Amino acid sequence: MSSTELGEFAINVTEGPPGAAGDGSNVSGATTVHLMYCGKALDDFHTSYARVHGLVCLLVCVFGSIANTLNIVVLTRREMRSPTNAILTGLAIADLLVMLDYMPYALNTIPYLRLSREERLTYGWAWYIMFHSIFAQICHTISIWLTVTLAIWRYIAVAYPQRNRQWCDMSKTLAAIFSSYAVCPFLAVPIYLSFSIQSRVVVLAGDGNTPLPPDAHAAGRNVTLYQLGTSQLVRDNPALLNVNFWIYSVVFKLIPCIALTILSLRLIGALLEAKQRRSQLTGTATGLKQIVDGRVVDAKGGKQTDKERQTDRTTRMLLAVLLLFLITEFPQGILGLLSAVLEQPFFFNCYLKLGDVMDVLALVNSAINFILYCSMSRQFRSTFSDLFRPRLLDRWMAVPQTEDEQGGRGRHQDGATTQITQI
């Protein structure tokens, strides 16, 4: 469930059962709550941004769908297979599903399409909204917990390198990925139980958009509108709405964010400790020299130095993925938690007005990993280039002549598995 849909869900609770005035797409009945938290400036921002939100989300979804498809294609190549890349592939699949699912919703919210109320609130659209509200939340939750898995795997690789192959082999990695895809749908059961498709007959003008008084049959016509509203279970047990907020803010957001914060700090600490330990070991070997290609280099140069550089770059890139996730997800968890604690006054005046911004931040987080991989991973860029570079350009490109230039590609062809950020 996106932040905006969670808002509409709560609005339907406050408006009551079907038949109440309005279509659940505004908060006029709820904004009578005093502006005691965020003030009018946020309300003005929400009104201004809502005009472009649908278009912005649609552009992000189109880019994200292409980018995540490319991620999947590159990361599943034989020379790229590794436990880390398997997790990144599962993450890309979940993010791709989020993008594809959100596109129709974003398209429908573009104001320039000027769809009437009769055209928007159809039975088919209500079914889509119900599916979208549950499916998007499931896929995003899978993405969240795969990110946590990625942090755990990387921490083990840095802090316990001697146990890495045993604890994080491919079989355990695939089990963790499949577990995320199998368990997360059950976390959305309370959301599923809270929704139902409801219909009501209203009198609309000839444009199919302007509502008329119920007795104005001569000037308008009866139209049946469908919308996703609260189920009878929620109307009988209003506390279930608060349960949804606690699940959304704590289980879906805060627990993963806290876990990632702790793991990221531990990962940075382990990285600094390993770097200090390597410096000490290198210091003990000072004075040992060898000649390579006519150059005098340290005795510990060569493959060991390349391996250390590869490990550092891999960790830095994955830390960038984790920090980007925290920047986009932590605010949502905090706002959701405050909404559960402070209830309607905070929800309608702060959370709901920031719902569109939180949605687009979550979409950006799902779309931007491709840019991180390309900017921080030479191995990813090389494989991507091999797959998609026009063959006509090969004859114009210089052939590597030195052993250093050929080292990376030679390792690919011997069948060895590689991490995404090998040099």
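Residues numbered from 1 in each chain as written. Predicted model: local features only at pLDDT ≥ 70, side-chain atom pairs only at ≥ 80, totals over all residues. Heavy atoms only, no water.

Scanning the protein chain from terminus to terminus reveals 16 helices and four strands. With 423 residues in all, the protein chain has 46% of them scored as buried. If you take every contact in the protein chain between residues at least 6 apart in sequence, the share linking residues at least 24 apart comes to 81%. (Helix = DSSP H or I, 4+ residues; strand = E, 2+ residues; numbered from the N terminus. Buried < 20%, exposed > 50% of the residue type's maximum accessible area, 1.4 Å probe, protein only. Contact = heavy atoms within 4.5 Å.)

With that settled, the discussion passes to the packing of aromatic side chains. Across all of its chains, the model carries 12 aromatic pairs by this definition. Taking 4.9 Å as the distance between ring centres and 15 degrees as the angle between the ring planes, the aromatic pair formed by Phe-131 and Phe-135 counts as stacked. Separated by four residues within a single helix, Phe-131 and Phe-135 lie in helix 5 (residues 123-159), roughly one turn from each other. Given the relative accessible area of 46%, Phe-131 is considered partly exposed. For Phe-135, a relative accessible area of 25% gives the class partly exposed. Plain terms: the ring middles of Phe-370 and Phe-384 are 5.7 Å apart, the flat faces sit at 70 degrees to each other, and that makes the pair edge-to-face. Of this pair, Phe-370 sits in helix 14 (residues 369-376) while Phe-384 sits in helix 15 (residues 378-388), and the two are 14 residues apart along the sequence. For Phe-370, a relative accessible area of 12% translates into the label buried. Following the ring pairs from residue to residue traces out a cluster consisting of Phe-370, Tyr-373, Phe-380, Phe-384 and Phe-388. (Phe/Tyr/Trp six-rings, centres within 6.5 Å; stacked < 30°, edge-to-face > 60°.)

Another point: the pattern of salt bridges. Considering all chains together, one arrives at three salt bridges under this definition. Of the charged contacts, one joins Lys-353 and Asp-43 as a salt bridge, the two residues approaching to 2.9 Å between their closest N and O atoms. With Lys-353 in the loop between helix 12 (344-351) and helix 13 (355-367) and Asp-43 in helix 2 (residues 39-75), this residue pair connects regions lying 310 residues apart in the sequence. Residue class for Lys-353 comes out buried when judged on its relative accessible area of 6%. (Salt bridge = Lys/Arg side-chain N within 4 Å of Asp/Glu carboxyl O.)

If you look at the biggest cluster of nonpolar residues, it comprises 67 residues, and the most contacted ones within it are Leu-88, Tyr-102, Tyr-351, Leu-363 and Tyr-373. Top element by residues in this core is helix 5. It accounts for 12 residues. Tyr-155, Val-158, Phe-325 and Leu-326 belong to the second-largest nonpolar core, a separate cluster that totals 14 residues. (Core = buried A, V, L, I, M, F, W, Y, C linked by side-chain atoms within 4.5 Å.)

Another aspect to go through is the packing of helix 3 (residues 83-108) against helix 13. Running from N to C, helix 3 and helix 13 point in directions that differ by 135 degrees, and their axes come no closer than 9 Å. Judged by the angle between their axes, helix 3 and helix 13 are oblique. When you trace helix 3 past helix 13, the crossing you get is left-handed. Every residue of helix 13 that contacts helix 3 at Asp-95, Val-98, Met-99 and Tyr-102 is listed here: Asp-359, Leu-363, Ser-366 and Ala-367. (Axes fitted to C-alpha atoms, helices over the stretch in contact; angles between N-to-C directions. Parallel < 35°, antiparallel > 145°, perpendicular 65-115°, else oblique. Left-handed = near helix turned anticlockwise from the far one by under 90°.)

So, about the UniProt feature "transmembrane region" (unreviewed entry) in the protein chain. Under the UniProt annotation, the feature "transmembrane region" (unreviewed entry) is placed at residues 52-74, 86-105, 125-153, 174-195, 245-268, 317-342 and 354-374. Within the segment residues 86-105, helix and strand shares are 100% and 0% respectively, and the terminal C-alpha atoms sit 30 Å apart. Secondary structure across residues 317-342 divides into 100% helix and 0% strand, with the first and last C-alpha atoms of the span separated by 38 Å. (UniProt positions renumbered as here; feature names shortened; annotations may be inferred.)

For Ser-264, the position within the fold is in helix 10 (residues 239-284). Remark: the alpha-carbon pair of Ser-264 and Ala-320, spanning 56 residues in sequence, is separated by 9.9 Å. Not counting residues up to four positions away in its chain, the partners in contact with Ser-264 are Leu-319, Leu-322 and Leu-326. Engagement of the side chain of Ser-264 in a polar contact is seen with the backbone oxygen of Leu-260, the distance being 2.7 Å. (Polar contact = N/O pair within 3.5 Å; in protein donor to acceptor, adjacent residues only side chain to side chain.)

On the surface, a nonpolar cluster with roughly 450 Å² of combined accessible area is contributed by Val-52, Leu-55, Val-56, Leu-59 and Tyr-112. In this structure, Leu-55 sits in helix 2. (Patch = residues over 30% accessible without salt bridge, like charges linked within 9 Å, V, L, I, M, F, W, Y side chains within 5 Å. Areas by Shrake-Rupley, 256 points an atom, 1.4 Å probe, with all protein chains shown as cover.)

Glancing now at the packing of helix 2 against helix 15. Viewed as axis vectors pointing N to C, helix 2 and helix 15 meet at an angle of 95 degrees, and their least axial separation amounts to 10 Å. In this view, helix 2 runs roughly perpendicular relative to helix 15, as classed from their interaxial angle. Facing helix 2, whose interface residues are Leu-70, Asn-71, Val-73, Val-74 and Leu-75, helix 15 presents Phe-380, Thr-383, Phe-384, Leu-387 and Phe-388. When the residues that make up the contact of helix 2 with helix 15 are grouped by side-chain class, the tally is eight nonpolar, two polar and no charged. (Nonpolar A, V, L, I, M, F, W, Y, C, P; charged D, E, K, R; others polar.)

In a regular helix each residue adds 1.5 Å, so 37 residues correspond to 54 Å; helix 2 covers only 47 Å between its end C-alpha atoms and thus falls short of that length. Its axis deflected by about 45 degrees at Val-52, helix 2 carries its strongest bend there. (Expected span 1.5 Å × (residues − 1). Bend = angle between axes of the 7 residues up to and from the residue.)

Turning next to the confidence of the model for the protein chain. Here the protein chain averages 74 in pLDDT, while 72% of its residues score no lower than 70. Note that residues 285-294 has pLDDT below 50 and, in this model, 15 contacts with residues that lie over four places away or in other chains. (pLDDT = per-residue confidence, 0-100.)

Take helix 13 next. Between its first and last C-alpha atoms helix 13 spans 19 Å; for 13 residues at 1.5 Å apiece the expected length is 18 Å, and the two agree. In terms of residue burial, helix 13 counts as a mostly covered element, since 10 of its 13 residues are buried. Residues of helix 13 that are buried include every one of Gly-355, Asp-356, Met-358, Asp-359, Val-360, Ala-362, Leu-363, Asn-365, Ser-366 and Ala-367, and no others.

What follows concerns the environment of His-53. For His-53, the location among the structural elements is in helix 2. A residue is classified by how much of its surface remains accessible, and His-53, at 5% relative accessible area, is buried. Taking the C-alpha atoms as reference points, His-53 and Pro-111, 58 residues apart in sequence, are found 9.3 Å from one another. In this structure His-53 touches Tyr-102, Asp-356, Asp-359 and Val-360, once residues within four positions along its chain are discounted.

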